[in-house]
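A closer look at the structure
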Amino acid sequence: QQETEKLSPIIEPNGVRICIVQITDVYTLENFPSLRTLILEAKRRNPNTISILTGDFLAPYLLSTVDKGNGMMKMLASTPIDYVSIGNHEDEIPQRAFCSHVRNFPGTFINSNMRDHEAMEYMNDKVVIRAVSPDGKHKRKLGLCAVLSNDPGLYSKSSFGGATIDDPWETLAKYKKILQEDEGCDIVIPLQHLYVPDDHRTCREFDFPIILSGHDHHRVDEVVEGTRLLKPGLDSIYATILELSWSSNSDDNIQKPPDKISAHFAKVSDFPPDETLLHQVEEAYKVLAPLRNTELTQIPDSFRPLSSFNARGQVTTMGVFLCSTMRAALRAQGIDVDAVLLMGGNVRAGKKYDDDEKFMSLEILESEIKSDETLGLIWMPGSLISKGVQATHIGDPIPGWMQFCNETIQDPETKAITHVRGEPIDPDRLYLVATKIPDLTNGQSPPWTEYFKANPNLLPPKGAYFNIHATLMELFARDLWLRLWDQIAKGRKPNEILDILDADGDGAITVDDIHLAIQGILGLSADPTEKSLARFIHDFADCTGDGRVTIQDLQSFEADVCHVDPLIHQTTTIVPPKVAAEESFSTTK
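Scope of this entry: the structure provided in the associated data block. Since the structure is predicted, the reported quantities are computational estimates derived from the model, not experimental observations.

**Digging into the overall build of the protein**
Of regular secondary structure, the protein possesses 18 helices and 22 strands. Computed over the C-alpha atoms, the radius of gyration of the protein is 27 Å, within 12% of the 25 Å expected from 2.2 N^0.38 for a compact globule of 589 residues. Principal-axis analysis of the C-alpha atoms gives the protein an extent of 95 × 60 × 45 Å. Taking contacts inside the protein between residues at least 6 apart in sequence as the whole, the part at least 24 apart equals 72%. The averaged location of the 86 negative side-chain charges in the protein is 4 Å from the averaged location of its 57 positive side-chain charges.

**Quick notes on the sheet that holds strand β2 (residues 49-54)**
Sheet strands pair by backbone hydrogen bonding; their relative direction is either parallel or antiparallel. Strand order in this open sheet of six strands is β4-β3-β2-β1-β11-β12, and the pairing throughout is mixed. The open sheet terminates on both sides in strands that have one partner only, identified here as β4 (108-110) and β12 (260-267). Ignoring which end each strand starts from, the neighbouring axes of this sheet average 25 degrees apart.

**Some remarks on the side chain of His-193**
Along the chain, His-193 falls in strand β7 (residues 187-194). A relative accessible area of 1% places His-193 in the buried class. At a separation of 2.9 Å, a polar atom in the side chain of His-193 contacts the main-chain carbonyl oxygen of Thr-54. At 3.3 Å, the side chain of His-193 and the side chain of His-215 are in polar contact.

**Some details on the pattern of salt bridges**
Close approach of charged atoms lets side chains of opposite charge pair. Within this structure, the stated rule accounts for 26 salt bridges. Put simply, Asp-338 and Arg-421 hold a salt bridge, and the shortest N to O gap is 2.8 Å. With Asp-338 in the loop between α9 (317-332) and β14 (339-343) and Arg-421 in the loop between β19 (417-420) and β20 (423-424), the pair connects residues that are 83 residues apart, well separated along the chain. Two residues, Arg-478 and Asp-479, come together in a salt bridge whose shortest N-O distance is 2.8 Å.

**Topic: the pairing of strand β6 (residues 139-148)**
In terms of residue burial, β6 counts as a mostly covered element, since eight of its ten residues are buried. As paired elements, strand β5 (residues 127-132) and β6 share six bridges and run antiparallel to each other. What sits directly across from Ile-129, in β6, is Leu-142. A crossover connection joins β6 to the parallel β7 through helix α5 (residues 168-182); in handedness this β-α-β unit is right-handed.

**Some remarks on the layout of surface pockets**
Here the largest pocket defines a volume of roughly 1500 Å³. Here the second largest pocket defines a volume of roughly 840 Å³. Counting residues per element, the ones that place at least two in the lining of the second largest pocket are α2 (62-67), β15 (359-361) and α10 (362-368). The biggest single contributor to the lining of the second largest pocket is α10, with three residues. Split into classes, the residues belonging to the lining of the second largest pocket amount to 13 nonpolar, five polar and twelve charged.

**Points about the packing of aromatic side chains**
In the structure shown here, the tally under the stated rule is twelve aromatic pairs. A centroid spacing of 6.0 Å and a plane angle of 65 degrees characterise the contact between Phe-98 and Phe-160, whose relative ring orientation is edge-to-face. Of this pair, Phe-98 sits in helix α4 (residues 95-104) while Phe-160 sits in the loop between β6 and α5, and the two are 62 residues apart along the sequence. Phe-160 gets classed as buried once you look at its relative accessible area, which sits at 2%.

Reading guide: rules and limits
- Residues numbered from 1 in each chain as written.
- Predicted model: local features only at pLDDT ≥ 70, side-chain atom pairs only at ≥ 80, totals over all residues.
- Heavy atoms only, no water.
- Helix = DSSP H or I, 4+ residues; strand = E, 2+ residues; numbered from the N terminus.
- Rg over C-alpha atoms; globule rule 2.2 N^0.38 Å.
- Contact = heavy atoms within 4.5 Å.
- Lys, Arg positive; Asp, Glu negative; His and termini not counted.
- Charge placed at Lys NZ, Arg CZ, Asp CG, Glu CD.
- Pairing = 2+ DSSP bridges.
- Axes fitted to C-alpha atoms, helices over the stretch in contact; angles between N-to-C directions.
- Buried < 20%, exposed > 50% of the residue type's maximum accessible area, 1.4 Å probe, protein only.
- Polar contact = N/O pair within 3.5 Å; in protein donor to acceptor, adjacent residues only side chain to side chain.
- Salt bridge = Lys/Arg side-chain N within 4 Å of Asp/Glu carboxyl O.
- Right-handed = clockwise from strand over helix to strand, strands pointing away.
- 1 Å grid on protein atoms, 1.4 Å probe; cavity = no way out; pocket = protein on both sides within 12 Å on 5 of 7 lines; lining within 4 Å.
- Points joined across faces, edges and corners; volume = space filled by probe spheres on them.
- Nonpolar A, V, L, I, M, F, W, Y, C, P; charged D, E, K, R; others polar.
- Phe/Tyr/Trp six-rings, centres within 6.5 Å; stacked < 30°, edge-to-face > 60°.

Any link to function would need more than the numbers given here.
Pasting the structure below:
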C-alpha cells in the first residue's frame, strides 16, 4: 500500500489531469499481476489514465522463443496495456507472428517511423487522447507519436519483413507539427525506443517537455536542455507514473501546456498481485516445463548464487560462468583460447537465481543466451584487451558492458584488465580471444571500434564462428558421457557396457537409451519430451560417425579415453597475424 499512497487523489471538478503509467523492455510476465493492480487503482482515482509500453516485449526471452509471444500478448491484453510502441527486438519473432499480434491486440500499436510495415493498417502513426474534467466542461488533448532506432547494427537485413525505418528525428519533427498545428494538442509526448545518447539528441533538438523512452535497461530520470527524460528500466520492476494537470480556471479554447507536470517511479511489487493474472502467468510458463526439467551441468560453488541481474552495469556471476564455460568448451576442442569476452547485453535474463540453484538447466541456458549467438576468434594485444574492457565499464550502464571469464582479473579502481589466465597481462603480447565479432566495431567500446576499423583484415571470416549454444551443449554432452562411462565401465568389457545402456536390446545405444541413462544412472532431471541433451551425448559417443552407437564405438572410446579426448580429432593450430601489437595499436593512442 505504500506506493498506492503516491497516486494523486481525485481531481477538482473542473480540472483536467491525465495519468500515464509507462513500462518498457519487458522480458518476463512475472510483474504483470501487480502492475494490473497499480493500473486499476490509478484508473479508479482518475479515469483519464492510460498505460503505455515503449518497446521490446516480444523478444528476446525464452518464453517468446517457444510460444512466439503469445503469452506476452495475452498478458498485455489482460493487464491491460492500452498503447504499445515497437522496439528493435520485436523483429526477433517470425514476421507472420508479429503481424498476427498487431492485428489481434485489443489495444493500440503506435508506429510513426516504419509506416511501410505490412501490418501498418492495424497500427496508428499517431494518437490523440482527449481528456475531460469530471464535470465535463474542460477538455484537453495529448498527442503521442512513437519512434524506434534506425541503427542498422541492431537489425538483420530483412528486419520487419523488409520495412523501412525512417530517421527518428525527421519523423519527430513531422509529427510534432501535425499533432500541435493540425490536431491542436496541448502537449505532445514522444515515445522512443532509443539509447540515452539518442534521447539526449531529441532533448537538444526539440522542446518536448517530457520524453518517455526505453531501450536502455536502467532507470533514467534527468532533465536535458529543459526536457525531462524518463525511463523506468526493464521488466516492469518499476513503472513511470506521469501526471499532466490543467487547473480549473484554464480556458480550454486556448491551446496550452499543462499547468503542472509531475512524475516518479513506482515499485510495482508494492502493489498486491491480481489473482486471475497470477493464474494466467502460471499457465503461460507451463510450456517451459520440458526445458526447466532438463539439467545440463552442475554449477560450481564459486559461481553461486548465479545472477545475470544488471549485466549491462556490472560483471555478474552468470556472465563469468558463461564466459568461463565457453572457454572450457573451446579448449576441449583443442583451441587454446586465452579469454572469452561477452557484452552484457548478450546475457539476457536479468535474473537473480535462488541460492540453492545447483544445476544449469536447458531453461537457464535458453533464457540467458540467444540460440543463434556466435563467437569468433580474434587476436588482441594485451593493451587493447585492457583498454577495451575498461572503456565499457566507465560511465552509465550500456549493452556493451563487458563480461569476462575467470582468471581474467580487473583492477577495481581503474577498471582496467590486469591479468589474463591468472598471469599479469603483457601489453604487447597478442592474446587469442573469443568474442562476438560484430561487437568489436559497434561503438560500445571505442578503443576496439577504432582499432578494428583501422585493421579490418584482422577480423575472422563469418564462416569461422562458433555457436554458443551448440559449443556449450557439446561440452556438457562430453562431460556427461564421461560421467556415464566412469560409473559403468570400471571392470566391464564394451559388450557388457552395451548391455547396460541398450535398454531395448537392439544392439545399439539410441537417443532414448541415453535419455533413460541420464536419469537412471546419473540421477539427473530430464523431461521425457525434451531430448536435445541426449542427442548431443549420442553424437559425442558416436566415435565412428555413422549415426549409430554400437559395440565398435564403445571399443573405440575405450581405446582412446585415457589418451585422447574423442572430441578432438586434431589439435587446432592458430597462428597470430603478422602485425606487431605495438604498431597496430598505435591507432588508438
